Amino acid sequence: MRTRIAPSPTGDPHVGTAYVALINYCFAKKHGGKFLLRIEDTDQARSTAESEQAILDSLRWLGLSWDEGPDVGGPYGPYRQSDRSAIYRKYVDQLLAEGHAFRCFCTPERLDEMREAQRLAKLPPRYDGLCLRVPAAESEARAQTEPYVVRMRVPDRGTAVIEDMRRGKIEIEWNTVDMQVLMKSDGLPTYHLANVVDDHLMEITHVIRGEEWVSSAPKHLLLYQYFGWDVPAFLHVPLLRNPDKSKLSKRKNPTSILFFKAMGYLPEALLNFLGLLMVSSAEGEEVMTLDELIARFEVDHLSLGGPVFDFVKLDWLNGKRLRELTPAAFLDRVLTWGGDRERFATMTALAQARVERLSDLGPLLAFFFAGRLNLTEAQLLDGQKLDRDGVRRALALAMWEFDAAPQFDKTTVETVLKGVAERLERKLRDIARLFYVVLTGSPTSVPLFDAAELLGRDICRERLRGALNTLGAPSANEQKAWRT
Ligand code: GLU
């Protein structure tokens, strides 16, 4: 038995990835199988090495380990799709030769027009098959000079039936399934082709992934059939939800594993918490180790309703586990979380010019050791040059820009805040006080940009979000107006 987690390194390491990884891990280990990690970076424009590293580090931090992966190697490598480009080409050629795929020469303009027409006619967006009618010889010839993509053939009628380990038969009409692009015009595969080829070559027996992939499953099933390969078992697990049942997204709540680390959650508590969303447990038996989670895991017990990521419960569990540590173990955790000598060196260097007594350090640096600051409206608005909506807009703009920045250091912070000031037709000094208050809790503190870098992106964005929620999160209309 072999399972895998196949993250795309396009952003922060998401708790949802950890949740699906944990399920894959427990399922494989319960049956004495192997769990592996594959990096799916076919989207070259959005994938980054930093994101890949952060995903590996965070999953490890949580206590998960993989038997095979890009960092540990293994007999089925390489485990990063960008290192496997040469492999996919051969399979595309095979599908073309056997008539299961075809070259598509349609221009982006034509595809736009087609989609617009479909939209007006209230039809599902789907490639209309124009290039299916290009004769083979002509297709060969045009391929020499024209750009093209390769699409898979999809039946026009009938029903695809996916066997899901938890949901049973899932039926999807073929005429709603698009003729998926398998190879882009640059010769690189799309997710769908690479995913199926790799799951086959890596001998994955059970594909366990988030339910957002259900609609792709017919395409994958068809590819297995075209290639004549055994179809793995599928299990589509429900996505984590906010308490209001909406999809857990970083717009509403922190989702990055790095946030939980920065906030001082214990990795084993976070893993335990995710585990409780996956196994059934009675009151009083919530504290579980990874081994206990493995023992208890049953596919049939997975709730299909969408497990709720309940921060109150996480806090409770984390507190419980913190209090149960021996004093020595607790001290170890405090020191690991609080920072090493280098981090302290940066803090004290920032503080040195502002102290008269060493005892000033406590109040001056306390904000580095806090999570959310829970400031009141009055604390946020008093003495500000901007009015209430100006403050809200400044906070929202900064939060979005912090998110979008490829890295997060003091130059980023400075550039973002200058940009925000400009958008509001103000000077940086007119908004500096606001960001001092929101990020450090006080209108005067150690230098702001350095402080923000040391706090890190996750804590900064959470403090911005907290302040924004206190003053009123932007409405959909405000978001639209402010973004442009
Ligand atoms: N790369 C996909 C993702 O990021 C993997 C989906 C799958 O497991 O098939 O979620």
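Residues numbered from 1 in each chain as written. Predicted model: local features only at pLDDT ≥ 70, side-chain atom pairs only at ≥ 80, totals over all residues. Heavy atoms only, no water.

Engineer: Outline the nonpolar core, listing residues and values.
Structural biologist: Ranked by internal contacts, the top residues of the largest apolar core, which has 96 residues, are Met278, Phe309, Phe368, Leu395 and Phe435. Of the residues forming this core, the biggest block, eleven residues, is contributed by helix H1 (residues 15-30). Setting aside residues no more than four positions away along its own chain, Phe309 makes contact with Val15, Leu240, Arg241, Pro243, Leu248, Phe260, Leu270, Phe273, Leu274 and Leu314. One finds Cys131, Ile170, Ile172 and Ala194 within the second-largest nonpolar core, a separate group that totals 50 residues. (Core = buried A, V, L, I, M, F, W, Y, C linked by side-chain atoms within 4.5 Å. Buried < 20%, exposed > 50% of the residue type's maximum accessible area, 1.4 Å probe, protein only. Helix = DSSP H or I, 4+ residues; strand = E, 2+ residues; numbered from the N terminus. Contact = heavy atoms within 4.5 Å.)

Engineer: I'd like a description of the sheet that holds strand S4 (residues 149-152), backed by residues and values.
Structural biologist: If you trace the three strands from one edge of the open sheet to the other, you get S3-S4-S7, paired in antiparallel fashion. Pairing within the sheet leaves two strands with one partner each, and these edge strands are strand S3 (101-104) and strand S7 (181-183). Each strand of the sheet is rotated relative to its neighbour by a mean of 45 degrees, with strand direction disregarded. Here S4 runs beside S7; their pairing, made up of two bridges, is antiparallel. Residue pairing in the sheet places Arg151 in a bridge with Val181 of S7. (Pairing = 2+ DSSP bridges. Axes fitted to C-alpha atoms, helices over the stretch in contact; angles between N-to-C directions.)

Engineer: Describe in detail the environment of His31, supporting the description with residues and values.
Structural biologist: As for its placement among the helices and strands, His31 is situated in the loop between H1 and strand S2 (34-37). For His31, a relative accessible area of 44% corresponds to the partly exposed category. Within the local environment of His31, its side chain forms a polar contact with the backbone oxygen of Phe27, the two atoms lying 2.8 Å apart. (Polar contact = N/O pair within 3.5 Å; in protein donor to acceptor, adjacent residues only side chain to side chain.)

Engineer: Account for the pairing of S4, naming residues and giving values.
Structural biologist: Burial of S4 is two-sided: the residues Val149 and Arg151 facing one way and the residues Val150 and Met152 facing the other way are all buried. Summarising the sheet, S3 and S4 pair through four bridges and their orientation is antiparallel. Bridge pairing links Ala101 to Met152 in S4.

Engineer: With reference to specific residues and values, describe a nonpolar patch on the surface.
Structural biologist: On the surface, a cluster of nonpolar side chains totalling about 270 Å² of accessible area is made up of Trp337, Phe344 and Phe369. Along the chain, Phe344 falls in helix H13 (residues 341-352). (Patch = residues over 30% accessible without salt bridge, like charges linked within 9 Å, V, L, I, M, F, W, Y side chains within 5 Å. Areas by Shrake-Rupley, 256 points an atom, 1.4 Å probe, with all protein chains shown as cover. Salt bridge = Lys/Arg side-chain N within 4 Å of Asp/Glu carboxyl O.)

Engineer: Lay out the site of the ligand with the relevant residues and their values.
Structural biologist: Close to the ligand lie Arg4, Ala6, Ser8, Glu40, Tyr191, Asn195, Arg209 and Trp213. In the model, a nitrogen atom of the ligand is placed 2.6 Å from a nitrogen or oxygen of the Glu40 side chain. Here Arg209 contributes a side-chain N or O atom positioned 3.0 Å from an oxygen atom of the ligand. Considering the ligand on its own, with 290 Å² of exposed area, one finds that the protein chains cover 84% of that surface. Taken together, the residues of the shell around the ligand sort by class into three nonpolar, two polar and three charged. (Near = heavy atom within 4 Å. Nonpolar A, V, L, I, M, F, W, Y, C, P; charged D, E, K, R; others polar.)

Engineer: Account for unusual backbone geometry, naming residues and giving values.
Structural biologist: Here the amide bond leading from Gly77 into Pro78 is cis, since omega sits at -5 degrees, within 30 degrees of zero. The topology assignment puts Pro78 in the loop between helix H2 (49-62) and helix H3 (85-97). The backbone of Lys245 sits at a positive phi, close to 80 degrees, despite the residue not being glycine. Structurally, Lys245 is set in the loop between strand S9 (233-237) and helix H8 (257-263). Phi angles above zero are rare outside glycine, and Asn374 is one such case at about 50 degrees. On the accessibility criterion, Asn374 (65% relative accessible area) is exposed.

Engineer: Can you break down the layout of surface pockets residue by residue, with the values?
Structural biologist: Approximately 290 Å³ is the volume attributed to the second largest pocket. If you trace the second largest pocket, you find 15 residues lining it, with Leu96, Ala101, Arg103, Ala136 and Ser139 closest to the centre. Those elements that provide at least two residues to the lining of the second largest pocket are H3, S3 and helix H5 (136-145). For the lining of the second largest pocket, the per-class residue count stands at nine nonpolar, two polar and four charged. (1 Å grid on protein atoms, 1.4 Å probe; cavity = no way out; pocket = protein on both sides within 12 Å on 5 of 7 lines; lining within 4 Å. Points joined across faces, edges and corners; volume = space filled by probe spheres on them.)

Engineer: Tell me about a positive patch on the surface, and name the residues and values.
Structural biologist: Among the surface-exposed residues, Lys385, Arg426, Lys427, Arg429 and Arg433 lie close enough to one another that they form a single positively charged patch. Along the chain, Lys385 falls in the loop between helix H15 (377-381) and helix H16 (388-404). (Lys, Arg positive; Asp, Glu negative; His and termini not counted. Charge placed at Lys NZ, Arg CZ, Asp CG, Glu CD.)

Engineer: Help me get a handle on the packing of aromatic side chains, residues and values and all.
Structural biologist: Under the definition given, this model contains 19 aromatic pairs. Ring geometry for Tyr191 against Trp213: centres 4.4 Å apart, planes inclined by 40 degrees, an arrangement best described as tilted. Highlighted residues: Tyr191 in helix H6 (residues 191-201) and Trp213 in the loop between strand S8 (206-210) and helix H7 (217-227), separated in sequence by 22 residues. Residue classification places Trp213 among the partly exposed positions, given a relative accessible area of 29%. Among the aromatic residues, those joined into a ring-pair cluster are Phe259, Phe260, Tyr265, Phe273, Phe309 and Phe311. A cation over an aromatic ring shows up here: Arg142 above the ring of Phe105, its NZ or CZ 4.3 Å from the ring centre. Lying over the aromatic face of Trp400, Arg483 brings its terminal NZ or CZ to 4.0 Å of the ring centre. (Phe/Tyr/Trp six-rings, centres within 6.5 Å; stacked < 30°, edge-to-face > 60°. Lys NZ or Arg CZ within 6 Å of the ring centre and 35° of its normal.)

Engineer: Please give an account of the state of the cysteines that cites residues and values.
Structural biologist: Enumeration over the complete set of coordinates arrives at zero disulfides. Distance from the sulfur of Cys131, which forms no disulfide, to the nearest cysteine sulfur (Cys106) is 3.7 Å. Its relative accessible area of 6% is what places Cys131 among the buried residues. (Disulfide = S-S within 2.5 Å.)

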